[in-house]
Amino acid sequence: MVVALLYLTLAGAYLLVIPIAVFFYLGLRWYTAGSVERVFMYFLVFFFFPGLLVLSPFVNLNPRPRKIA
């Protein structure tokens, strides 16, 4: 029973918890990231792709509107 609970916890973290954190991180840093950080961001997207694919219908990553002075 403990092993099944451990698998369920790890699957939930891999498919839901960490991808939500990755989406927030990408939303905050996408337009200001440097080249090394951008490579790290691409790695996170590649590594957590199944979870990001599950959450993608609920996320809107459109660019922020411009502010005209």
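Note on numbering: residues in each chain are counted from 1, in written sequence order. Per-residue local features are limited, in this predicted model, to residues with pLDDT of at least 70; the limit for side-chain atom pairs, both in listing and counting, is 80 or more; totals at the level of whole chains, interfaces and linings are taken over all residues. In computing side-chain values, all of the structure's heavy atoms are included and hydrogens and water are not.

- Under the annotation held in an unreviewed UniProt entry, the protein chain carries the name NAD(P)H-quinone oxidoreductase subunit L and is attributed to Cuspidothrix issatschenkoi CHARLIE-1.
- UniProt positions are given in the numbering used here, feature names are shortened, and annotations may be inferred rather than shown by experiment. Quoted verbatim from the Subunit (unreviewed entry) field of the UniProt record, the comment on the protein chain reads "NDH-1 can be composed of about 15 different subunits; different subcomplexes with different compositions have been identified which probably have different functions."

Some details on the UniProt feature "transmembrane region" (unreviewed entry) in the protein chain
Link 1 in the chain: Within the UniProt annotation, "transmembrane region" (unreviewed entry) is assigned to residues 6-27 and 39-59.
Link 2 in the chain: Measuring from the first to the last C-alpha atom of residues 39-59 gives 22 Å, for a span that is 76% helix and 0% strand. Numbering of helices and strands starts at the N terminus; helices are DSSP runs of H or I of at least 4 residues and strands are runs of E of at least 2.

Some remarks on the nonpolar core
Link 1 in the chain: Among the buried residues, those of types Ala, Val, Leu, Ile, Met, Phe, Trp, Tyr and Cys that are joined through side-chain atoms within 4.5 Å form a nonpolar core. Under the scheme applied here, a residue whose accessible area is under 20% of the maximum for its type counts as buried, over 50% as exposed, and between as partly exposed, the area being computed with a 1.4 Å probe on protein chains only. If you look at the biggest cluster of nonpolar residues, it comprises nine residues: Val22, Phe23, Leu26, Ala33, Met41, Leu44, Phe48, Leu52 and Leu55.
Link 2 in the chain: Put simply, the parts of the chain that give this core at least two residues each are α1 (2-29), α2 (35-47) and α3 (49-55).
Link 3 in the chain: No other element matches α1, which puts three residues into this core.
Link 4 in the chain: Apart from the residues lying within four places of it in its own chain, the contact partners of Val22 are Leu44, Phe48 and Leu52. Contact criterion: two residues are considered in contact whenever any of their non-hydrogen atoms come within 4.5 Å of each other.

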